[in-house]
Amino acid sequence: MDFELTEDQRAVEDAARKFAKDRLLPFAAEWDEKEHFPVDVMREAAALGFASIYVKSDVGGSEMSRLDAAIIMEELSAGCTSTAAFISIHNMASWMIDRFGSDEQRKRLLPKLVTMEKIASYCLTEPGSGSDAASLKTRAVKDGDHYVLNGSKAFISGAGVSDVYVCMVRTGEDGPKGISCIVVEKGMPGLSFGKKERKMGWNSQPTAQVIFDNCRVPVANRIGAEGEGFRIAMMGLDGGRINIGACSVGTARAALDEAKAYVTDRKQFGRPIAEFQATQFKLADMATELEASRLMIRNAADALDKKAPRATMLCAMAKRFASDMGSKIANEALQLHGGYGYLKDFPAERHVRDLRVHQILEGTNEIMRVIVAREMFRQ
């Protein structure tokens, strides 16, 4: 068991860290305030291979591992949580096409997703089905060589801007076996979008409903066979959970570094508050929780790469723990800043706002506990 990164992984880590420092961190506060979606900057990340991390190389992908992805996402999130998280979503949608699509679909769709000339979104959640994803209602009825879609998807990152929407829709019976995966492309008749949502965090990416009103989509855009959609969705979420956990780790690391710098400079009662044992103990706990989160994320990523039987459970454990600890660390960092932490002049409050949703998306942390408990009782 070797916990050291390889030389290649160190190089990937360094490249992602430099990109985050130069192209994300200096602009993160402005993007948050102005709700700016930095597509051009994300395309720069794509040029480094970060938009197609585990897409095969024959269509231009980086063909790296889930562990590589966790390393990259940690570094990008230390620069801008919201932008890193969207890059993760784009990667997940692209992977679904790469892993389950036909050669024709892969060669038609992926080259422009690899460069982010076209942007991808993932559409599972609906207004009436969140945690109970298998109860989704959006229906696709076959009409000749097309499907006709009716329904809507909620909380979709990139909605209205993205070009490709990897959608889970109902083509058959109730429950998971009636769900299929269909790629809906921007401009198809009957596709529209709701108003841009006003959010607590993740403001550098737009979020809205995706609406299907007799939306006609070629049968050729179905990924996999009819009835395979739910399995595709759940397999995609294993990797998505690792990535969102890694984003929590990266943001928590940034929050801890900022808090450490602040308490070193801030003086009360005649000395830096870093000299008080209460401060030191708080920082020690934050550092320990951060290290444990990183180890759990990377262990789960390694298990997924190796297709280990416990991989799904480990991904759920790691996502739950890392997102809980990430939010806790960011909140403690804000507390160490005192009143200044509550001001937008400091990044501490943005970290708290951005990380809060990590305990909700890619499966709520309550659902992560359901997954873990279910696997425990199967053993």
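Up top is the structure these notes are about.
Here the structure is a predicted model, which means the values were calculated and not measured.

Student: Is there a simple way to think about the overall build of the protein in this case?
Tutor: From N to C terminus, the protein includes 11 helices and 10 strands. Since a compact globule built from 379 residues should have a radius of gyration of about 21 Å, the 21 Å found for the protein is in line with a globular shape. Across its three principal axes, the protein shows a C-alpha extent of roughly 80 × 50 × 40 Å. Here the protein holds 379 residues, and 55% of them are scored as buried. Taking as baseline every contact in the protein between residues at least 6 positions apart, the subset at least 24 positions apart corresponds to 74%. By element, 54% of the accessible surface of the protein is carried by carbon and sulfur atoms, the whole surface being about 16800 Å².

Student: Could you clarify how one ought to interpret the packing of aromatic side chains in this entry?
Tutor: Aromatic ring pairs: the centre-centre distance and the angle between the two ring planes describe each pair. If you walk through the whole model with that rule in mind, you get 8 aromatic pairs. Their ring planes at 85 degrees and their centres at 5.7 Å tell us that tryptophan 95 and phenylalanine 100 sit as a pair that is edge-to-face. Across the pair, exposure class does not vary: tryptophan 95 and phenylalanine 100 are buried alike. For the ring pair phenylalanine 269 and phenylalanine 276, a centre distance of 6.3 Å and an interplane angle of 85 degrees mean the geometry is edge-to-face. By relative accessible area, which is 22% here, phenylalanine 276 ends up partly exposed. Joined through ring pairs, the aromatic side chains of Tyr262, Tyr340 and Phe346 make up one cluster. One residue, arginine 66, lies across the ring of tyrosine 54, its end atom 3.8 Å from the ring centre. The ring of tryptophan 95 carries the charged tip of arginine 66 above its face, separated from the ring centre by 4.8 Å.

Student: Is there a simple way to explain the nonpolar core in this structure?
Tutor: If you look at soluble globular proteins, the nonpolar side chains tend to sit buried side by side. Leu76, Ile97, Tyr122, Val166 and Met168 are the most contacted members of the largest nonpolar core, which has 94 residues in total. The element that contributes the greatest number of residues to this core is helix H7 (residues 229-265), accounting for 15 residues. What methionine 168 contacts, discounting residues up to four positions off in sequence, is Met96, Tyr122, Cys123, Leu124, Leu136, Lys153, Ile179, Ser180, Cys181, Gly229, Ile232 and Ala233. Core analysis: the second largest hydrophobic core is formed by 18 residues, Met188, Leu191, Phe212 and Cys215 among them.

Student: So what exactly am I meant to see when it comes to a nonpolar patch on the surface here?
Tutor: On the surface, Met1, Phe3 and Leu295 cluster together into a nonpolar patch covering about 430 Å² of accessible area. Among the secondary structure elements, methionine 1 is positioned in the segment before helix H1 (7-24). You can call methionine 1 exposed: its relative accessible area is 93%.

Student: Looking at this structure, how should I read the pattern of salt bridges?
Tutor: A pair can form between side chains of opposite charge whenever their charged atoms are brought close. Within the structure shown, the criterion is met by 35 salt bridges. A salt bridge links arginine 253 to glutamate 74, with the shortest nitrogen-to-oxygen separation between them at 3.0 Å. Remark: glutamate 74 occurs in helix H4 (residues 66-79) and arginine 253 occurs in helix H7; sequence separation between them is 179 residues. Take arginine 253: its relative accessible area is 15%, and that puts it in the buried class. Accessibility expressed as a relative area gives 3% for glutamate 74, which makes it buried. A salt bridge links glutamate 375 to arginine 378; the shortest N-O distance between them is 2.9 Å. Taken as a pair, glutamate 375 and arginine 378 lie in helix H11 (residues 365-378) at a separation of 3 residues, close to a single helical turn.

Student: For this particular structure, what's the right way to read the pairing of strand E7 (residues 207-218)?
Tutor: Regular strands have side chains that alternate between both faces of the sheet. The sheet contact formed by strand E3 (residues 146-157) and E7 spans 10 bridges and is antiparallel. Opposite histidine 146, over in E7, you have proline 218 as the bridge partner. Note: strand E6 (residues 191-193) against E7, 3 bridges, orientation antiparallel. Residue leucine 191 lies in a different strand from E7, and its bridge partner there is phenylalanine 212.

Student: Any chance you could explain the side chain of serine 65 here in plain terms?
Tutor: Here serine 65 lies in the loop between helix H3 (39-47) and H4. Within the local environment of serine 65, its side chain forms a polar contact with the backbone nitrogen of leucine 67, the two atoms lying 3.4 Å apart. For serine 65, the contacting residues outside a window of four places in its chain are Ile53, Tyr54 and Asp305.

Student: Whenever I open this one, H7 confuses me. Can you help?
Tutor: Along an α-helix, a turn takes 3.6 residues, which lines up residues three or four apart on a common side. End to end, H7 covers 54 Å across 37 residues, agreeing with the expected 54 Å (1.5 Å per residue, within 8%). Burial within H7 is extensive, with 28 of its 37 residues counted as buried.

Student: I'm lost on the environment of valine 183 in this one. Help?
Tutor: Examined against the element boundaries, valine 183 turns out to sit in strand E5 (residues 179-185). What makes valine 183 buried here is its relative accessible area of 0%. For valine 183, the residues in contact, after removing those within four places along its chain, are Ile97, Leu109, Val164, Tyr165, Val166, Val217, Asn221 and Ile223.

Student: Explain unusual backbone geometry here, please?
Tutor: Leaving glycine aside, a negative phi is the common case for residues, and trans is the common case for peptide bonds. Not every positive phi belongs to a glycine, and tryptophan 202 is a case in point at roughly 50 degrees. Residue placement: tryptophan 202 occurs in the loop between E6 and E7. On the basis of relative accessibility, which here comes to 5%, the residue tryptophan 202 falls in the buried class. Positive phi is not limited to glycine here, since phenylalanine 269 has a value of about 55 degrees. The residue phenylalanine 269 is located in the loop between strand E9 (267-268) and strand E10 (271-272) in this model.

Cut-off values and rules
- Residues numbered from 1 in each chain as written.
- Predicted model: local features only at pLDDT ≥ 70, side-chain atom pairs only at ≥ 80, totals over all residues.
- Heavy atoms only, no water.
- Helix = DSSP H or I, 4+ residues; strand = E, 2+ residues; numbered from the N terminus.
- Rg over C-alpha atoms; globule rule 2.2 N^0.38 Å.
- Buried < 20%, exposed > 50% of the residue type's maximum accessible area, 1.4 Å probe, protein only.
- Contact = heavy atoms within 4.5 Å.
- Areas by Shrake-Rupley, 256 points an atom, 1.4 Å probe, with all protein chains shown as cover.
- Phe/Tyr/Trp six-rings, centres within 6.5 Å; stacked < 30°, edge-to-face > 60°.
- Lys NZ or Arg CZ within 6 Å of the ring centre and 35° of its normal.
- Core = buried A, V, L, I, M, F, W, Y, C linked by side-chain atoms within 4.5 Å.
- Patch = residues over 30% accessible without salt bridge, like charges linked within 9 Å, V, L, I, M, F, W, Y side chains within 5 Å.
- Salt bridge = Lys/Arg side-chain N within 4 Å of Asp/Glu carboxyl O.
- Pairing = 2+ DSSP bridges.
- Polar contact = N/O pair within 3.5 Å; in protein donor to acceptor, adjacent residues only side chain to side chain.
- Expected span 1.5 Å × (residues − 1).

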